[in-house]
Amino acid sequence: MSKIILYKGEYSMSEVLDVLGPRIQHLTELSDDQTYCLMKGEVGPGVFVPIHSHEDRETFFVLSGEIEAWTGDKWTVYRVGDTLDIPGNRKHAWRNSTSENVTLLIASTVKMGEFFNEIGRPADSVPPGPPEPAALQHFVEVALSYGYWLGTPDDNATIGLLLG
């Protein structure tokens, strides 16, 4: 397997943002003349992203660790070197069932990058544990304003994710 070097040396495009558990760092500037947004994501042990969908296409490349993705019919494990391309409007979810961090390279739209900026909080300011109710409420309001679909607690329970 080939080794991929994303950047050699110090790099600080943006601070690391906590987006209700997963962490995101933008690797490209968000501007109107860009057609995509490149980000580095980290999903800690036990962290999951509930089922949702949006019109934005997302492509994930696993840099380290092992993560499970739900893409509409089953959970599939993705390991280092694997790529998952999620077309727009496909229901999907993520979970890290391991004891190790997972690092992902994520390519999506500038709109998705702006969404993460709007809901994200500086990672070093977020206390450990589940998100506070105010952060969850903010997330739901912003996601709906972007036209994103969010699964209900029952939708998530159906695929093995328990909310609350």
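Presented here is a report on the structure given in the accompanying data block. (Residues numbered from 1 in each chain as written. Predicted model: local features only at pLDDT ≥ 70, side-chain atom pairs only at ≥ 80, totals over all residues. Heavy atoms only, no water.)

Helix and strand counts for the chain stand at three helices and twelve strands. Its C-alpha atoms give the chain a radius of gyration of 15 Å, within 12% of the compact-globule value 15 Å for 164 residues. Projecting the C-alpha coordinates of the chain onto the three principal axes gives extents of approximately 45 × 35 × 30 Å. Buried residues in the chain amount to 38% of all 164 residues. Of the accessible surface of the chain, which amounts to about 9,300 Å², a share of 53% is contributed by carbon and sulfur atoms. In the chain, 12 positive and 23 negative side-chain charges are present, and the distance between their average locations comes to 8 Å. (Helix = DSSP H or I, 4+ residues; strand = E, 2+ residues; numbered from the N terminus. Rg over C-alpha atoms; globule rule 2.2 N^0.38 Å. Buried < 20%, exposed > 50% of the residue type's maximum accessible area, 1.4 Å probe, protein only. Areas by Shrake-Rupley, 256 points an atom, 1.4 Å probe, with all protein chains shown as cover. Lys, Arg positive; Asp, Glu negative; His and termini not counted. Charge placed at Lys NZ, Arg CZ, Asp CG, Glu CD.)

Moving on, we get to the environment of phenylalanine 60. Take phenylalanine 60: it is sitting in strand β5 (residues 58-64). For the pair formed by phenylalanine 60 and lysine 40, sequence separation is 20 residues and the distance between their alpha carbons is 9.5 Å.

This brings us to the pattern of salt bridges. Scanning the entire structure with this criterion turns up seven salt bridges. One salt bridge in this structure joins glutamate 68 and arginine 95, with 3.0 Å as the shortest N-O distance. One end of the pair, glutamate 68, is in strand β6 (residues 66-70); the other, arginine 95, is in strand β9 (residues 92-95), and 27 residues separate them in sequence. Across the pair, arginine 95 and glutamate 68 agree in class, each one buried. Counted as one network, the salt bridges with shared partners bring together Asp18, Arg23, Arg121 and Glu132. (Salt bridge = Lys/Arg side-chain N within 4 Å of Asp/Glu carboxyl O.)

Before going further, it helps to examine the pairing of β9. Both faces of β9 are covered, namely the face carrying His92 and Trp94 and the face carrying Ala93 and Arg95. Both strand β4 (residues 48-53) and β9 contribute to a ladder of three bridges, which runs antiparallel. Bridge pairing links valine 49 to tryptophan 94 in β9. (Pairing = 2+ DSSP bridges.)

In this structure, the largest pocket occupies an estimated 1,200 Å³ of space. Lining the largest pocket are 49 residues, and of these Val19, Leu20, Pro22, Phe48 and Pro50 sit closest to its centre. The set of elements that each furnish at least two residues to the lining of the largest pocket consists of β2 (23-26), β3 (37-43), β4, β5, β9, β10 (102-108), α1 (110-119) and α2 (133-145). Split by residue class, the lining of the largest pocket holds 31 nonpolar, 13 polar and five charged. (1 Å grid on protein atoms, 1.4 Å probe; cavity = no way out; pocket = protein on both sides within 12 Å on 5 of 7 lines; lining within 4 Å. Points joined across faces, edges and corners; volume = space filled by probe spheres on them. Nonpolar A, V, L, I, M, F, W, Y, C, P; charged D, E, K, R; others polar.)

One pass over the full model with this rule turns up seven aromatic pairs. Ring centres of phenylalanine 115 and tyrosine 146 lie 5.2 Å apart, and the angle between their planes is 70 degrees; this geometry places the pair in the edge-to-face category. Remark: tyrosine 146 occurs in the loop between α2 and β12 (149-150) and phenylalanine 115 occurs in helix α1; sequence separation between them is 31 residues. Accessibility assignment for this pair places phenylalanine 115 and tyrosine 146 in one class, buried. Considering the side-chain rings of tyrosine 146 and tyrosine 148, the 5.6 Å spacing of their centres and the 45 degrees angle between planes classify their relative orientation as tilted. According to the relative accessible area criterion, tyrosine 148 is buried, its value standing at 6%. An aromatic cluster is defined as three or more aromatic residues linked by ring pairs; in this entry it consists of Phe115, Phe116, Phe139, Tyr146 and Tyr148. When the ring centre of tryptophan 149 is taken as origin, the NZ or CZ atom of lysine 91, which lies over that ring, is 4.3 Å away. Taking the ring centre of tryptophan 75 as reference, the NZ or CZ of arginine 95 above it sits at 3.8 Å. (Phe/Tyr/Trp six-rings, centres within 6.5 Å; stacked < 30°, edge-to-face > 60°. Lys NZ or Arg CZ within 6 Å of the ring centre and 35° of its normal.)

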